[in-house]
Amino acid sequence: MAKPKMREPIESGCPDGFQYMHPTMRRNFGMWAYHEDPQPGVLLHVAKNGDKVWTVKAGTQRILDVFTLRKLCDIGDEFADGFIRFTIRSNIEYSVDSEAKMQPLVDALKDAGFAVGGTRNSVASISHTQGWLHCDIPGTDASGVVKSMMDELYDEFTNWNMPNRVHITTSCCQINCGGQGDIAINVQHTKAPKIDHSLVGNVCERPSVVARCPVAAIRPAMVDGKPSLEVDEKKCICCGACYPPCPPMQINDAEFTQLAIWIGGNHSNARGKPTFQRLVAAGIPNNPPRWPEATAVVKKILECYKEGARDWERINEWVERIGWPRFFEVTGMPFTKYHIDNWRGARANLNSSTHIRF
Ligand code: SF4
Ligand code: SF4
């Protein structure tokens, strides 16, 4: 008997980006001679054969309603050549291959209320994790933070005011995506999870939850005759890693889930090694819908960086040059015992290998 025809696998990865590229860009892929920055929000790439592409960048809050998206696409059809892409920092980018089309495109975006910028020595759009809309474990929102903070940093996005480029990131839980940038705003849980014992037996795979804890603070337990879990609060470092596989281990809390700000993280590039971020402020209220306290700290850091850094110094280079004591002096932020990383448990307990331990 003939074998039944197998169903084709469904490809769920991202589609091939080349089909969406501007033809001039596609033709010259890997053949660029140099690039320039004609004005904030505009890049000019010149190919070895003389072809030129102008890229115009505008900020969005990433989670877009359909009307805004249509408006952005209409601008692309009318003023650009019908090609758009979104960057990882939720900016929309249009490409055109003649200088005459560039300024009308910039003007159309500005007239429609979009911020054109985010290139060279500006504050780039805040990188955005999923937040309440898509993810099941956040302790705070993401689009809301991006929108409300970028409203305050509008001039820094649309101008070249900074000594060098500034990347700001958010992370809406304490363990997963986001949280690596010149300035990183990260969730910080400050209390051990509270367990809803009536649900654990029905919802959670207890061995996986026990294995998830990086400091072995979770044990299986029987509570009211039902299988459940218990947490050794002296060991718990409030990381929140047990909450995704076991939602009854509720750790999010309006008061005790707070924000911390870390600075100086940078990926390696052609000029330097990667640098790791350091904690500069903790215990900041997670205060939707506008997060005024966290925004004030970010603005203070940016103000001092703008004032004190030399041209083209990134935030980490500026702090390394002036020294951390001076950083706390100029920003006026308190330096406390919690800034000193004296936790020795990592040597014995932190699961830093690729092996799962039970
Ligand atoms: S940072 Fe955490 S909560 Fe936010 S989207 Fe990523 S995994 Fe989800
Ligand atoms: S919050 Fe982190 S350290 Fe505390 S029990 Fe859960 S996984 Fe363990």
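Conventions used here
Residues numbered from 1 in each chain as written. Chains lettered and ligands numbered in written order. Predicted model: local features only at pLDDT ≥ 70, side-chain atom pairs only at ≥ 80, totals over all residues. Heavy atoms only, no water. Helix = DSSP H or I, 4+ residues; strand = E, 2+ residues; numbered from the N terminus. Buried < 20%, exposed > 50% of the residue type's maximum accessible area, 1.4 Å probe, protein only. Contact = heavy atoms within 4.5 Å. Lys, Arg positive; Asp, Glu negative; His and termini not counted. Charge placed at Lys NZ, Arg CZ, Asp CG, Glu CD. Near = heavy atom within 4 Å. Nonpolar A, V, L, I, M, F, W, Y, C, P; charged D, E, K, R; others polar. Axes fitted to C-alpha atoms, helices over the stretch in contact; angles between N-to-C directions. Parallel < 35°, antiparallel > 145°, perpendicular 65-115°, else oblique. Left-handed = near helix turned anticlockwise from the far one by under 90°. Phe/Tyr/Trp six-rings, centres within 6.5 Å; stacked < 30°, edge-to-face > 60°. Lys NZ or Arg CZ within 6 Å of the ring centre and 35° of its normal. Arc of directions from axis to C-beta. Disulfide = S-S within 2.5 Å.

Engineer: Honestly, the overall build of the protein chain in this entry has me stumped. Any pointers?
Structural biologist: A tally of helices and strands in the protein chain yields eleven helices and 13 strands. Projected onto the principal axes, the alpha-carbon positions of the protein chain cover approximately 80 × 75 × 35 Å. Burial statistics for the protein chain: of 358 residues in total, 44% are counted as buried. A separation of at least 24 residues holds for 63% of the contacts in the protein chain among residues at least 6 apart in sequence. A distance of 7 Å separates the average location of the 41 positive side-chain charges in the protein chain from that of its 40 negative side-chain charges.

Engineer: Help me understand the site of ligand 2 in this model?
Structural biologist: Lining the immediate surroundings of ligand 2 are 14 residues, of which Cys-213, Cys-236, Cys-239, Gly-240 and Cys-242 lie closest. Residue classes in the shell around ligand 2 are distributed as 13 nonpolar, one polar and no charged.

Engineer: I would appreciate a short explanation of the packing of helix 8 (residues 292-308) against helix 9 (residues 315-322) in the present structure.
Structural biologist: To describe two helices that pack against each other, one gives the angle between their axes and the distance between the axes. Interhelical geometry of helix 8 versus helix 9 gives an angle of 70° and a closest axis separation of 11 Å. In terms of orientation, helix 8 lies roughly perpendicular with respect to helix 9. Viewed along their axes, helix 8 and helix 9 form a crossing whose handedness is left-handed. Of helix 9, the residues touching helix 8 (which contributes Ile-301, Cys-304, Tyr-305 and Gly-308) are Ile-315, Trp-318 and Arg-321.

Engineer: Where do I start with the side chain of Ser-143 in this structure?
Structural biologist: As for its placement among the helices and strands, Ser-143 is situated in helix 4 (residues 143-152). A residue is classified by how much of its surface remains accessible, and Ser-143, at 14% relative accessible area, is buried.

Engineer: Explain the packing of aromatic side chains to me, please; I cannot follow it from the model alone.
Structural biologist: Here a ring pair, both rings aromatic, is described through the centre-centre distance and the interplanar angle of the planes. A full pass over the atoms with the stated rule returns six aromatic pairs. Considering the side-chain rings of Trp-324 and Phe-327, the 5.6 Å spacing of their centres and the 65° angle between planes classify their relative orientation as edge-to-face. Here Trp-324 pairs with Phe-327, and both are found in helix 10 (residues 324-331), just three residues apart, close to one helical turn. By relative accessible area, Phe-327 is classed as buried at 0%. Where Phe-327 meets Phe-328, the ring centres are 5.4 Å apart and the plane angle is 85°; that geometry is what we call edge-to-face. The same class applies to Phe-327 as to Phe-328, namely buried. Aromatic rings pair up to connect Tyr-305, Trp-318, Trp-324, Phe-327, Phe-328 and Phe-335 into one cluster. It is Arg-120 that lies over the ring of Trp-160; its NZ or CZ is 3.9 Å from the centre. The ring of Phe-256 has Lys-191 sitting right over it, with the charged end atom 4.2 Å from the ring centre.

Engineer: Even after reading the chapter, I still don't get the environment of Cys-236, so can you show me in this structure?
Structural biologist: Counting through the fold element by element, Cys-236 comes out in the loop between strand 10 (226-231) and strand 11 (249-250). On the basis of relative accessibility, which here comes to 17%, the residue Cys-236 falls in the buried class. Along the chain, Cys-236 and Pro-9 lie 227 residues apart, while their C-alpha atoms are 43 Å from each other. Non-local contacts of Cys-236, meaning those with residues more than four positions away in its chain, are made with Ala-192, Pro-193, Val-215, Ala-217 and Val-231.

Engineer: Help me out: how do you make sense of unusual backbone geometry in this one?
Structural biologist: A negative phi angle characterises most non-glycine residues, just as the trans form characterises most peptide bonds. Look at the link from Pro-288 to Pro-289: it is a cis peptide, with omega at 5°. Mapped onto the fold, Pro-289 is located in the loop between strand 13 (278-285) and helix 8. The backbone of Ser-90 shows a phi angle near 65°, a positive value even though the residue is not glycine. Positionally, Ser-90 belongs in the loop between strand 4 (84-86) and strand 5 (91-96). Located in the positive-phi region is Trp-312, a residue other than glycine, with phi close to 70°. With respect to the element layout, Trp-312 can be found in the loop between helix 8 and helix 9.

Engineer: Which parts of the structure should I look at to understand helix 9?
Structural biologist: What sets the pattern is the α-helix's 3.6 residues per turn: residues three or four places apart point alike. Among the residues making up helix 9, those that are buried are Ile-315, Asn-316, Trp-318 and Val-319. An end-on view of helix 9 places all buried positions within 160° of arc, on one side of the element. Tucked inside the fold, the buried residues of helix 9 contact strand 7 (183-189), strand 12 (257-263), helix 8 and helix 10. Positioned one or two residues after helix 9, Gly-323 has a phi angle of 95°, which is positive.

Engineer: Teacher, can you tell me more about the state of the cysteines here?
Structural biologist: Linking two cysteines covalently through their sulfur atoms gives a disulfide. Under the counting rule described, the total for this entry stands at one disulfide. Two residues share a disulfide in this structure: Cys-204 and Cys-246, whose sulfurs sit 2.2 Å from each other. Disulfide Cys-204-Cys-246: torsion about the S-S bond near 75°, hence right-handed. With a gap of 42 residues between them, Cys-204 in the loop between helix 6 (197-203) and helix 7 (206-212) and Cys-246 in the loop between strand 10 and strand 11 connect regions that are remote in the sequence. The class for Cys-246 is buried, based on a relative accessible area of 0%.

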